[in-house]
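# Fold and contact review
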Amino acid sequence: MTNMTTIESSKTDDRGHLLVEKDQNKQTVTLPPKKVMASKLAAAAAAAAAAAQAQAQAQAQAQTHAQTQTVQTNANTSNVTIQQSKSESTCTKRRLSSSIENTRDKKKAPIAKPAKSITHSDRIVQAEISQYRPYFTETDTDSPGQSSPTNKEKNLRVVLEYPGSIEPENFLLLKPVIKNTTGRSNEEEEEDKDEYNPITDLMRTCEFIYDCYLLPEEQKLLGNQSHGIMRNLTKYRNRRSSAGFSQAVKDFNKVIKRLKAEGAISKNAKAMCHPNYDLACHILFQVYSRTVARQSDALNNYQAFSNNVYGEINPILVKDFISKTGVNSKSVFMDLGCGIGNVVLQVAAQTGCEAYGIEIMETPCKFAKRQLKEYAARMKAWRLPTGKIHFRHGDFLDVAANDLYPTLKRSDVLLVNNYAFDAATNQALAQLFLDLKEGTKIISLKSFVPKHHKINQRTLNMPESILRVEEFEYYSEAVSWTNNGGHYYIATVDRGRLAPYFKEMYGH
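Just so you know, these numbers come straight off a predicted model, no measurement behind them.

### What about the overall build of the chain?
- When its secondary structure is counted, the chain shows 16 helices and 13 strands.
- Looking at the chain as a whole, 38% of its 508 residues are labelled buried.
- Excluding contacts between residues fewer than 6 apart, the proportion of contacts in the chain whose partners are at least 24 apart in sequence is 70%.
- Of the accessible surface of the chain, which amounts to about 29,900 Å², a share of 51% is contributed by carbon and sulfur atoms.

### Considerations on the packing of helix α10 (residues 277–291) against helix α13 (residues 362–381)
- Closest axis-to-axis distance for the α10/α13 pair is 9 Å, and the angle between their directions is 135°. Taken together, the axes of α10 and α13 are oblique relative to one another. The handedness of the crossing between α10 and α13 is right-handed. Contacts between α10 and α13 involve I283, L284, Q286, V287, Y288, R290 and T291 on the former and, on the latter, R370, Q371, E374, Y375, R378 and M379.
- In terms of residue class, the contact of α10 with α13 is made up of six nonpolar, three polar and four charged.

### Observations regarding the side chain of E312
- Relative to the elements of secondary structure, E312 occurs in the loop between α10 and α11 (315–325).
- Buried charge without a partner: E312 forms no salt bridge, and the closest opposite charge is R370, 14 Å away.
- Those residues in contact with E312 that lie beyond four places of it in its chain are G339, I340, N342, V479, S480 and W481.

### Details of α10
- The end-to-end C-alpha separation of α10 is 21 Å, in line with the 21 Å expected for 15 residues at 1.5 Å each.
- Burial within α10 is extensive, with 11 of its 15 residues counted as buried.
- Looking at α10, one finds that the buried residues are Y277, L279, A280, H282, I283, L284, Q286, V287, S289, R290 and T291.
- Two to three positions downstream of the cap, the backbone nitrogen of D278 sits 3.3 Å from a side-chain oxygen, assigning the N-cap of α10 to N276.

### Some points on the sheet that holds strand β10 (residues 413–416)
- Strand order in this open sheet of seven strands is β9-β8-β7-β10-β11-β13-β12, and the pairing throughout is mixed. Single-partner strands in this sheet number two, and they are β9 (388–393) and β12 (467–474). Pairs of neighbouring strands in the sheet enclose a mean axial angle of 15°, with direction left out of account.
- Pairing analysis gives six bridges linking strand β8 (residues 354–359) to β9, with the strands arranged parallel. Residue pairing in the sheet places G357 in a bridge with F391 of β9.

### Digging into the environment of E477
- With respect to the helices and strands, the residue E477 is situated in the loop between β12 and β13 (486–493).
- Counting along the chain gives 160 residues from E477 to L317, while the straight-line C-alpha distance between them is 8.9 Å.
- If near-sequence neighbours (up to four positions away) are discounted, E477 is found in contact with N314, I316, T482 and N483.

### A word on the environment of M272
- Residue placement: M272 occurs in helix α9 (residues 264–272).
- Between the alpha carbons of M272 and C212 there is a distance of 8.0 Å; along the sequence they are 60 residues apart.
- The residues touching M272, leaving out its near neighbours within four places in the chain, are C212, Y213, L279 and L384.

### Points about the packing of helix α12 (residues 342–351) against α13
- Closest axis-to-axis distance for the α12/α13 pair is 11 Å, and the angle between their directions is 25°. Of the possible angle classes, the one that applies to α12 and α13 is roughly parallel. In the packing of α12 onto α13, the handedness of the crossing is right-handed. Side by side, α12 and α13 meet where N342, L345, A348 and A349 of the first sit next to Q371, L372, Y375 and M379 of the second.
- Considering only residue class, the contact of α12 with α13 consists of six nonpolar, two polar and no charged.

### Considerations on the side chain of N268
- Within the element layout of this structure, N268 appears in helix α9.
- With relative accessibility at 11%, the residue N268 sits in the buried group.
- Once you skip the residues sitting within four places of it in the chain, N268 turns out to touch Y213, L214, L215 and E218.

### Notes on α9
- Inspection of α9 places A264, I265, N268 and A269 among the buried residues, and these make up the whole buried set. On an axial view of α9, the arc spanned by its buried residues comes to 125°, and they lie on one face. Relative to its buried face, α9 has exposed residues pointing more than 90 degrees away, namely K267, K270 and A271.
- Where α9 is buried, its residues contact α5 (198–213), α6 (216–219) and α8 (242–262).
- Note on α9: the residue one or two positions beyond its end, C273, has a positive phi of about 70°.

### A word on the pattern of salt bridges
- Within this structure, the stated rule accounts for 14 salt bridges.
- Between D201 and R290 there is a salt bridge; the shortest N-O distance is 2.7 Å. Here D201 is found in helix α5, whereas its partner R290 is found in helix α10, with 89 residues between them in sequence. One exposure class covers both D201 and R290, and it is buried.
- A salt bridge links D320 to K324; the shortest N-O distance between them is 3.0 Å. Remark: K324 and D320 occur in helix α11; sequence separation between them is four residues, near one turn of the helix.
- Taking relative accessible area as the criterion, D320 reaches 22% and is therefore assigned partly exposed.
- Via salt bridges that share partners, E169, D201, R290, E374 and R378 belong to a single interconnected network.

Parameters at a glance
- Residues numbered from 1 in each chain as written.
- Predicted model: local features only at pLDDT ≥ 70, side-chain atom pairs only at ≥ 80, totals over all residues.
- Heavy atoms only, no water.
- Helix = DSSP H or I, 4+ residues; strand = E, 2+ residues; numbered from the N terminus.
- Buried < 20%, exposed > 50% of the residue type's maximum accessible area, 1.4 Å probe, protein only.
- Contact = heavy atoms within 4.5 Å.
- Areas by Shrake-Rupley, 256 points an atom, 1.4 Å probe, with all protein chains shown as cover.
- Axes fitted to C-alpha atoms, helices over the stretch in contact; angles between N-to-C directions.
- Parallel < 35°, antiparallel > 145°, perpendicular 65-115°, else oblique.
- Left-handed = near helix turned anticlockwise from the far one by under 90°.
- Nonpolar A, V, L, I, M, F, W, Y, C, P; charged D, E, K, R; others polar.
- Lys, Arg positive; Asp, Glu negative; His and termini not counted.
- Salt bridge = Lys/Arg side-chain N within 4 Å of Asp/Glu carboxyl O.
- Expected span 1.5 Å × (residues − 1).
- Polar contact = N/O pair within 3.5 Å; in protein donor to acceptor, adjacent residues only side chain to side chain.
- Pairing = 2+ DSSP bridges.
- Arc of directions from axis to C-beta.

Dropping the structure here:
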């Protein structure tokens, strides 16, 4: 009985061990007694804690190492970034500095406006080249006695230095010929005196520079018509020697450039202030020949016997107008019906006054504005002031619509070429004169005041009554529509002549 108990107890102890048997599809777990289980759990817990601690330490070390590398990497990156930032900042500063300096430079240095350029002589000749022939001829050394022009003479160009800062002008040295003589030899072709001649233009320009811009001591550098450069210009032109003439022009330019560099020409031009009559006419000839001359036939498109009949007052009569009315640089001049603007430009050139022109016909007004542009460039080439000049396209009877009414009221001199105007137009013009200031002078080709006009109670408020009229004579070639002489009138606004009549009527 006891033995059996022992055997059973031994079997029980044998079952006290934890046995785990694994089959492919089955796991069997047998639990140990509580004490063994507790000790094993404690050991397992201690081992797990130790393992966890070791793992934690390992992770901590790894993390510390990683943080160190990260810090170093960040530090390096930071250094690089800082350096790059400093570099970029420096570049930016440099760029900003450069940009600021450029901006300052731009502010300090104003944008230069392109200089107004003249219309060169060779351009005018080239446009009508079929009407021009070589003027200069030289004997061919290979064929003695032959005087026919070579290709060099056919395309001979020279440049001429002007007193101003504008570029030299190009001249194509040919002569204009009458059309019905073309086809003949060069010497037999008759020169057309009515067409633009570039050689004559060049020669006159040299003479005006010599006469108007040089003092006697400076003229000696160019000689005169007896010797020196001025003599060579005339001599080689007359001999038709292209080589000699071209060299004379070069010599002329050399002296003018020298005097310009020394400031002599600028000083003399300033002392001259305004061109004299002859120089003004030459400049206006240059302007006209380069802007209007080739299209002048278009000015004949008007209705015959109408108020729009076109006619020009020639420079010689304009000179007389300036003298008789006393126009000066402080005057305001207005041309009612200015045509292509010749009178306005001449008065402004000779006096430096403020000048206005109004024209109802589109074509003449277009030519006037074209002339004004060329005139401004030419006056700069001649180192002369232009004056204040304005042209308007419109009806002079409606000056308010053309913003000219305030100008009309302060005008000192009015010009009205009313030679072809009918009575109604003249009467409407006279009504405008009621608004003129005292002392204003009105130049006309027909008098606005009838010869037998008398001031009385009935006519006291008429515009004719405030006008004191003087009659003057002009001679042949003073106007474009006739070679005969005639008369013109200057009426002065004088309201004082009405005072005795008002006193008689109203007793004061």
